Amino acid sequence: DVGALEVEDLRISYGAIEAVRGVTFSAESGRVTALVGPNGAGKTSTMEACTGIRPYSSGVIRVLGAPPGVESDRVGSMLQTGGLYPTARPLEWLTYLSRVYRRSRDPRELLEIVGIDPGSRTTTRRMSGGEQQRLKFAAALLPGPDLLFLDEPTAGMDPQARRSLIGIISGLRNAGVAIVLTTHLLADIEELADHV
């Protein structure tokens, strides 16, 4: 049985520095796979290679049975940096992004799910770090993904927002979504991860 994500002997180098050295893992539908390691271990580089935004030196990556980037309408990703346009309001930004996908969930509904008022006039650069994280999470859900990449999803969130996000992730897992996340928080791993 082929997983939603298959990574075999992945290697990523930056010049003479080998940031990822032969990583092999898979992620299954309806399960949360956590990538754990200290800063600089290559977690973000691995996720970026899996989403098709970073080249890799060698190895094999199959995303929903295809090379990275081919099945992008079925993949959601929330990466650590970037992803927000600083002068856009939350609903404007999600509506703009929704046009990238052949099919998209309703941006208003997603904002409500993550606890952001769809009528908010605050620009993304003026939002708190936790609000920005929730908005990036909503953007990752736009395609109604079969595979979801979450890089440090609860970073900067207050306890209530973190609990809410963990509940949403658990619901996605129960609905059959394959989820790959990185985190430094053991509590996140204990509450969410099926495979580490």
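Before going into details, it helps to say that this report is about the structure given with it. Because the structure is a prediction, the values reported are computed rather than measured.

**Quick look at the overall build of the protein chain**
Working step 1: Looking only at helices and strands, one finds 6 helices and 7 strands in the protein chain.
Working step 2: The secondary structure elements of the protein chain, listed N-terminal to C-terminal, are β-β-β-α-β-β-α-α-α-β-α-β-α.
Working step 3: The globule rule puts the C-alpha radius of gyration for 196 residues at 16 Å, and the 16 Å found for the protein chain is close to it.
Working step 4: Viewed in the frame of its principal axes, the protein chain has a C-alpha envelope of about 45 × 35 × 35 Å.
Working step 5: With 196 residues in all, the protein chain has 47% of them scored as buried.
Working step 6: Per element, the accessible surface of the protein chain, about 9500 Å² overall, is 49% carbon and sulfur.
Working step 7: In the protein chain, 21 side chains carry a positive charge and 23 a negative one; their mean positions are 6 Å apart.

**A few points about the sheet that holds strand β7 (residues 178-182)**
Working step 1: If you walk across this open sheet you meet the 4 strands as β3-β7-β6-β5, and the pairing is parallel. The open sheet has two edge strands, β3 (32-35) and β5 (75-78), and neither has a second partner. With direction set aside, neighbouring strand axes in the sheet form an average angle of 15°.
Working step 2: In terms of strand pairing, strand β6 (residues 147-151) meets β7 through 5 bridges, oriented parallel.

**Focus: the nonpolar core**
Working step 1: One finds Leu 94, Phe 137, Leu 148, Leu 150, Ile 169, Leu 172 and Ile 179 to be the most contacted residues of the largest nonpolar core, which totals 33 residues.
Working step 2: Of all the secondary structure elements, the ones that give two or more residues to this core are β3, α2 (90-98), α3 (107-113), α4 (129-141), β6, α5 (159-174) and β7.
Working step 3: Not counting the four nearest positions on each side in its chain, Leu 150 is found in contact with Met 47, Met 78, Phe 137, Ile 169, Ile 179, Val 180, Leu 181 and Thr 182.
Working step 4: Listed in part, the 21 residues of the second largest apolar core include Leu 5, Val 7, Cys 50 and Val 180.

**Observations concerning the pairing of β7**
Working step 1: By the criterion of burial, β7 is predominantly enclosed, with 5 of the 5 residues buried.
Working step 2: In β7, alternate side chains face the same way, and those of Ala 178, Val 180 and Thr 182 on one face and Ile 179 and Leu 181 on the other are all buried.
Working step 3: Bridging between β3 and β7 involves 4 bridges; their strand directions are parallel. Within β7, the position partnered with Ala 34 by the bridge is Leu 181.

**A closer look at α4**
Working step 1: Taking 1.5 Å per residue, 13 residues should reach 18 Å; α4 reaches 19 Å between its end C-alpha atoms and fits that length.
Working step 2: Among the 13 residues in α4, 10 count as buried, and that is most of the element.
Working step 3: Along α4, the residues classified as buried are Gly 130, Gln 133, Arg 134, Leu 135, Lys 136, Phe 137, Ala 138, Ala 139, Ala 140 and Leu 141.
Working step 4: Of the surrounding elements, those touching the buried residues of α4 are β5, α2, α3, β6 and α5.

**Some thoughts on the sheet that holds strand β2 (residues 17-27)**
Working step 1: With respect to topology, 3 strands assemble into an open sheet ordered β2-β1-β4, the strand pairing being antiparallel. The two strands at the open ends of the sheet, each matched to only one other strand, are β2 and β4 (58-63). Recorded for the sheet is a direction-independent mean angle of 25° between the axes of neighbouring strands.
Working step 2: Those strands touched by helix α1 (residues 43-51) are β1 (5-14), β2 and β4, and its axis lies near 120° from that of β1.

Rules of the game
Residues numbered from 1 in each chain as written. Predicted model: local features only at pLDDT ≥ 70, side-chain atom pairs only at ≥ 80, totals over all residues. Heavy atoms only, no water. Helix = DSSP H or I, 4+ residues; strand = E, 2+ residues; numbered from the N terminus. Rg over C-alpha atoms; globule rule 2.2 N^0.38 Å. Buried < 20%, exposed > 50% of the residue type's maximum accessible area, 1.4 Å probe, protein only. Areas by Shrake-Rupley, 256 points an atom, 1.4 Å probe, with all protein chains shown as cover. Lys, Arg positive; Asp, Glu negative; His and termini not counted. Charge placed at Lys NZ, Arg CZ, Asp CG, Glu CD. Pairing = 2+ DSSP bridges. Axes fitted to C-alpha atoms, helices over the stretch in contact; angles between N-to-C directions. Core = buried A, V, L, I, M, F, W, Y, C linked by side-chain atoms within 4.5 Å. Contact = heavy atoms within 4.5 Å. Expected span 1.5 Å × (residues − 1).

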